[in-house]
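Examination of the molecular architecture
Chain residues, written in single-letter form:
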Amino acid sequence: MSIGSTIKKLRREREMTQEQLAEYLGITANAVSQWECDRTAPDIAQLPILARVLQVSTDRLLGVDFSKDEEEIRRISEESLACYRTGQFTRAVEIAREGLRQYPQSFRLMARLAESLRAIRGGEHEMERLCNKILKECTENDPRDRAYRLKISLYGKRGQYDEILDMANELPHIWVSREETRLRWDFSTDEARRMELIRYAKMHVESLTTCFDKLARLPCYTAEEQIRIRMQMVELMQVLYPAGDYLHHGAILASQYCVIASLYAGSGAHDQALHALEQGGAYAAYCDGHDGVGVSLAFRGYGGGGMHTDERSYRREFAELIRRDPALEPLRGEPRYKVLMDALCKE
C-alpha cells in the first residue's frame, strides 16, 4: 500500500475529512488530496506531525510492518533454542546463523547465535565478537544481559578475573535488577508468573551454593569445617528437592562431593573419600539420565528435556575431574575406585 493510500485509509478510520486533516497540518485540503491520489507525497519533515495526528507510528505511515519481522525473529530464536536444549548444538548454531543472515541487525538473534556457539568446539572467538558488537551497539536489556553473561563465562574459563571484575563494576546492583524488582512488585498469579518465580528461585539456589563454596575455601576454616559447610549445601538441596528432581543442580551436588572426597583423602580418611566419590558419581549419572521435568512441589512442571547429549556426558566430566585431582592419588589403587571409574567411563 502506498503512503497516499495509507493516509486516506487512516483518515477515514478516524472519521476525519481532508479539510480537517489539512487544518491540523497547516496545509490546504488540495495538498492532502494530492497525497491521497499519489500525485505528491508529504515532506519528510511533516511525517512526525502527520503520524501524531493520525495516531500511528511513522513506520505504520510508511507502510513498514516491523511486527512481522519481530514475529519471525522470535520464531527463529525459539527454534534454535529448542535444538540447543535437546543437545542439537550444531543445528542450533545453523538456525541462528541463517536467521541472522535474514535479519543482520537483530541483536536477539546475535545473542542466540552467541549462546549456541558456546557449546561448539572452536566457537569462542566468534561468540566473543558477537558479544562485543551487542555491548557496543545494542540498547535492549535482554541481548546485553546475555552478552555480559557469556563474556563473563568466557573470561572465567580463560582465568581473566580482573576483566570480569571490571565488567562487574558496569552492572547494576542486585537490588535494582529487573528480576529483584519483578519479584517484589509483580503480583500476577498466572502460570507464566509461577515459572518466572521458579527460575528466579533456582538462580538464588545457584548463588547460595556458590557463596557456600567460596566460604568453604577460605583459610579460616579447617578441612573438617569445610566438609561440614559443603554437606550443609548438600542437605539444603535435598530439602529443596524432596523428590530428587535436581535437574541441572545435580551437577552442583556432583562437584561438591568431588571436593568433599578430596578433603577426606587429604586427611587420610579413604573410606569416606571413596563414599563421597560414589555419591558424586551417582549425581553425575543422574544428570545424564533424568528427563528434565521437576516434580517436587515448589518446582513442579519446570524444565523440559534432559541434560545428556552425544556431545556432553556428566559422567565423563566427573571422571575427568577425579583424574585431575592430585589429592585423590592415594585412592587410585582401591578396587572401589576402579569400579567407579569403569562405571563413569562406560558408553
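Here the residue index of a chain counts from 1 through its sequence in written order. It should be noted that, the model being predicted, local features are given only for residues of pLDDT at least 70 and side-chain atom pairs only at 80 or more, the latter also being counted only at that level, while totals for whole chains, interfaces and linings use all residues. For the side-chain quantities, the full set of heavy atoms in the structure was used; hydrogens and water were omitted.

Here an angle of 0 to 180 degrees is reported between the N-to-C directions of two axes, which are lines fitted to C-alpha atoms, with helices fitted over the stretch in contact. Helical segments are the DSSP runs of H or I of at least four residues, strand segments are the runs of E of at least two, and each set is numbered from the N terminus. The interhelical angle for the contact between helix H2 (residues 18-25) and helix H4 (residues 47-54), taken along N-to-C directions, is 130°, at an axis separation of 10 Å. Taken as axis vectors, H2 and H4 run oblique relative to one another. For the pair H2 and H4, the sense of crossing is right-handed. Note on element contacts: H4 touches H2 through Ile 49, Leu 50, Val 53 and Leu 54, opposite Leu 21, Tyr 24 and Leu 25. Classifying every residue of the contact of H2 with H4 by side-chain character gives seven nonpolar, no polar and no charged. Just so you know how the angles are binned, under 35 degrees is roughly parallel, over 145 roughly antiparallel, 65 to 115 roughly perpendicular, and the rest oblique. In this scheme, a crossing is called left-handed if the near helix is turned counterclockwise away from the far one by less than a right angle; it is called right-handed if the turn is clockwise. In this analysis, two residues are considered to be in contact whenever any of their non-hydrogen atoms come within 4.5 Å of each other. Residues are grouped as follows: nonpolar covers Ala, Val, Leu, Ile, Met, Phe, Trp, Tyr, Cys and Pro; charged covers Asp, Glu, Lys and Arg; every other residue, Gly included, is treated as polar.

The backbone of Glu 15 sits at a positive phi, close to 55°, despite the residue not being glycine. Within the fold, Glu 15 resides in the loop between helix H1 (3-13) and H2. A positive phi is found at Leu 247, a non-glycine position, where the angle reads about 50°. Mapped onto the elements, Leu 247 comes out in the loop between helix H14 (223-240) and helix H15 (250-266). Overall, the relative accessible area of 6% leaves Leu 247 in the buried class. Type-normalised accessible area, obtained with a 1.4 Å probe on protein chains alone, sets the label of each residue: buried when under 20%, exposed when over 50%, and partly exposed for intermediate values.

To continue, consider the layout of surface pockets. Using a 1 Å grid laid over the protein atoms alone, points where a 1.4 Å probe fits but cannot get out form a cavity; open sets with protein on both sides within 12 Å along at least 5 of 7 lines form a pocket; any residue with an atom within 4 Å of a point counts as lining. Grid points are joined across faces, edges and corners, and a volume is the space filled by probe spheres set on the points. Estimated volume of the second largest pocket: approximately 190 Å³. Forming the walls of the second largest pocket are ten residues, and the residues nearest its centre are Glu 70, Ile 73, Gln 105, Ser 106 and Phe 107. Per-element tally for the lining of the second largest pocket: the top contributor is helix H6 (residues 66-85), with four residues. Residues that form the lining of the second largest pocket fall into these classes: four nonpolar, two polar and four charged.

Quick look at the environment of Phe 212 now. Here Phe 212 shows up in helix H13 (residues 191-216). The class of Phe 212 is partly exposed, set by a relative accessible area of 25%. Between the C-alpha atoms of Phe 212 and Arg 230, which are 18 residues apart in sequence, the distance is 7.2 Å. Sequence-distant contacts of Phe 212, defined by excluding residues within four places in its chain, comprise Ile 229, Gln 232 and Met 233.

For any pair of aromatic rings, the description consists of the separation of the ring centres together with the inter-plane angle of the planes. In this analysis, rings of Phe, Tyr and Trp, with Trp reduced to its six-membered ring, are considered paired at centre separations within 6.5 Å, and the interplanar angle assigns stacked below 30 degrees, edge-to-face beyond 60, and tilted for intermediate values. The full count for this structure, using the stated rule, is six aromatic pairs. Taking the centre distance of 6.0 Å and the plane angle of 85° together, the rings of Tyr 246 and Tyr 286 count as edge-to-face. Linking Tyr 246 in the loop between H14 and H15 with Tyr 286 in helix H16 (residues 270-289), this pair joins segments that are 40 residues apart in sequence.

Everything listed is a geometric property; what it means functionally is a separate question.
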